[in-house]
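Now for the letters of each chain:
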Amino acid sequence: MWSDPEAAYRVFAAGLPLTMVGLDVTDRSVVTAKDVDAMRGGGRIARFVVGAVDYYSRFHQDRYGATVTYQHDALAVAEALAPGIVHTAGCT
């Protein structure tokens, strides 16, 4: 929404059912070095995930000094694929 408010407006104005998974939620969805280490040595998908998380971990460490990697997009996609993993509240 920050980068493209017009696109966000179109999504919200489309009249389709949607669930917004905001940063207040995804900021609590983190992957630690311990989490990543548990996947090392896994199969093809685990190697892909480890590589992606390692990349973003370096970015977050360099940019923010963070020792965890936030899973903003991954949590939103997970909720779309498996509705109910995020507890939601209706808006009026």
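Before going into details, it helps to say that this report is about the structure given with it.

For the protein chain, the helix and strand inventory stands at 5 helices and 2 strands. Along the protein chain, from the amino end to the carboxyl end, the secondary structure elements read α-α-β-α-α-β-α. Radius of gyration (C-alpha) of the protein chain: 16 Å, far over the 12 Å computed for a compact globule of 92 residues. For the protein chain, with 92 residues in total, the buried portion stands at 20%. Of all intrachain contacts in the protein chain linking residues separated by at least 6 positions in sequence, the fraction that spans at least 24 positions is 47%. Total accessible area computed for the protein chain in this model is approximately 7,500 Å², and 59% of it derives from carbon and sulfur atoms. Considering the protein chain, the positive charge centre built from 8 side chains and the negative charge centre built from 10 side chains are found 8 Å apart.

Next up on the list: the side chain of E79. Among the structural elements, E79 can be located in helix α5 (residues 72–81). For the buried residue E79, which engages in no salt bridge, the nearest side chain bearing the opposite charge is R28, 12 Å off. Discounting residues that sit within four places of it in the chain, E79 has contacts with T19, V21, G84, I85 and V86.

Taken as a whole and assessed by the stated rule, the structure comprises 3 salt bridges. For D37, the salt bridge goes to R40, with nearest N and O atoms at 3.0 Å. Judged by relative accessible area, which is 41%, R40 ranks as partly exposed. In the salt-bridge network here, residues are joined through shared partners; they are D37, R40 and D54.

This next bit is on the packing of aromatic side chains. A complete count under the given rule lists 2 aromatic pairs for this structure. Aromatic side chains Y55 and Y56 sit 5.0 Å apart centroid to centroid with 85 degrees between the ring planes, which places their arrangement in the edge-to-face category. Here F59 and Y64 contribute two aromatic rings whose centre-to-centre distance is 6.1 Å and whose plane-to-plane angle is 85 degrees, an arrangement assigned as edge-to-face. Classification of Y64 by relative accessible area gives exposed; the value is 55%.

Definitions and limits used
Residues numbered from 1 in each chain as written. Predicted model: local features only at pLDDT ≥ 70, side-chain atom pairs only at ≥ 80, totals over all residues. Heavy atoms only, no water. Helix = DSSP H or I, 4+ residues; strand = E, 2+ residues; numbered from the N terminus. Rg over C-alpha atoms; globule rule 2.2 N^0.38 Å. Buried < 20%, exposed > 50% of the residue type's maximum accessible area, 1.4 Å probe, protein only. Contact = heavy atoms within 4.5 Å. Areas by Shrake-Rupley, 256 points an atom, 1.4 Å probe, with all protein chains shown as cover. Lys, Arg positive; Asp, Glu negative; His and termini not counted. Charge placed at Lys NZ, Arg CZ, Asp CG, Glu CD. Salt bridge = Lys/Arg side-chain N within 4 Å of Asp/Glu carboxyl O. Phe/Tyr/Trp six-rings, centres within 6.5 Å; stacked < 30°, edge-to-face > 60°.

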